Amino acid sequence: MLTIIGCGNLNRSDDAVGVIIAQRLQRYLNEHPQPNVQVYDCGTAGMEVMFQARGSKKLIIVDASSTGSEPGAVFKVPGEELEALPEPTYNLHSFRWDNALAAGKKIFKDNFPEEVTVYLIEAENLSLGLELSLAVNNSANLVFEEVVAIIKQNVL
């Protein structure tokens with residue numbers, strides 16, 4: 001099973017890019033069903049990322065980044081380079097997808113994806129708003145096409 005998860009906040013301009021790509025992929029799969037591929041919009045819920053990834057062999061996460069790089073830059077990173085155990089807290093709102101990767105491996109062991117790829121798209125605008133910037137939208141199209149190619153490969 002291949003699981004694809006989009007993360008982000010639809011109300012924060014470019015932060016929505018992962019969710020928007022996930023929604024596009026869901027529409028794509030409605031038109032081209034693949035029984036071994038599932039796509040989720042997990043928004044900002046790190047705990048949901050952990051549970052939706054459980055049982056998959058491969059996991060792709062798509063999210064925005066804010067590193068000071070050129071807007072629209074795409075980073076394709078192996079998941080193990082980004083996973084981080086959460087700081088001790090009683091607040092689940094601070095449990096992010098990077099925490100989900102580390103905790104999921106620890107909790108679910110062999111029932112958690114071994115192959116994890118994260119696509120990060122550098123944001124230009126993280127203010128309140130409903131539109132992606134031009135640079136991020138262009139990169140979103142490229143990432144969408146690359147993930148569709150992975151879906152097609154996964155079918156073979």
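As named in an unreviewed UniProt entry, the protein is Hydrogenase maturation protease, taken from Aetokthonos hydrillicola Thurmond2011.

Asker: Mind showing me how you'd approach the packing of aromatic side chains here?
Answerer: Geometrically, a pair of aromatic rings is defined through the distance of the ring centres and the angle of the planes. Counting across every chain of the model gives 3 aromatic pairs. Seen from their ring centres, Phe108 and Phe112 are 6.3 Å apart, and the 20 degrees between their planes marks the pair as stacked. Judged by relative accessible area, Phe112 falls into the buried class, the value being 4%. Every member of this aromatic cluster is reached through a ring pair, and the members are Phe51, Phe108 and Phe112. It is Arg24 that lies over the ring of Phe144; its NZ or CZ is 4.0 Å from the centre.

Asker: Looking at this structure, how should I read unusual backbone geometry?
Answerer: Residues other than glycine predominantly adopt negative phi, and peptide bonds predominantly adopt the trans conformation. Positioned with a positive phi, Ser13 is a non-glycine residue whose angle comes to about 50 degrees. Tracing the backbone shows Ser13 in the loop between strand S1 (2–7) and helix H1 (17–31). Positive phi, close to 50 degrees, is recorded for Lys109, a residue that is not glycine. One can find Lys109 in the loop between helix H3 (97–108) and strand S5 (115–122). Residue class for Lys109 comes out exposed when judged on its relative accessible area of 57%.

Conventions used here
Residues numbered from 1 in each chain as written. Predicted model: local features only at pLDDT ≥ 70, side-chain atom pairs only at ≥ 80, totals over all residues. Heavy atoms only, no water. Phe/Tyr/Trp six-rings, centres within 6.5 Å; stacked < 30°, edge-to-face > 60°. Buried < 20%, exposed > 50% of the residue type's maximum accessible area, 1.4 Å probe, protein only. Lys NZ or Arg CZ within 6 Å of the ring centre and 35° of its normal. Helix = DSSP H or I, 4+ residues; strand = E, 2+ residues; numbered from the N terminus.

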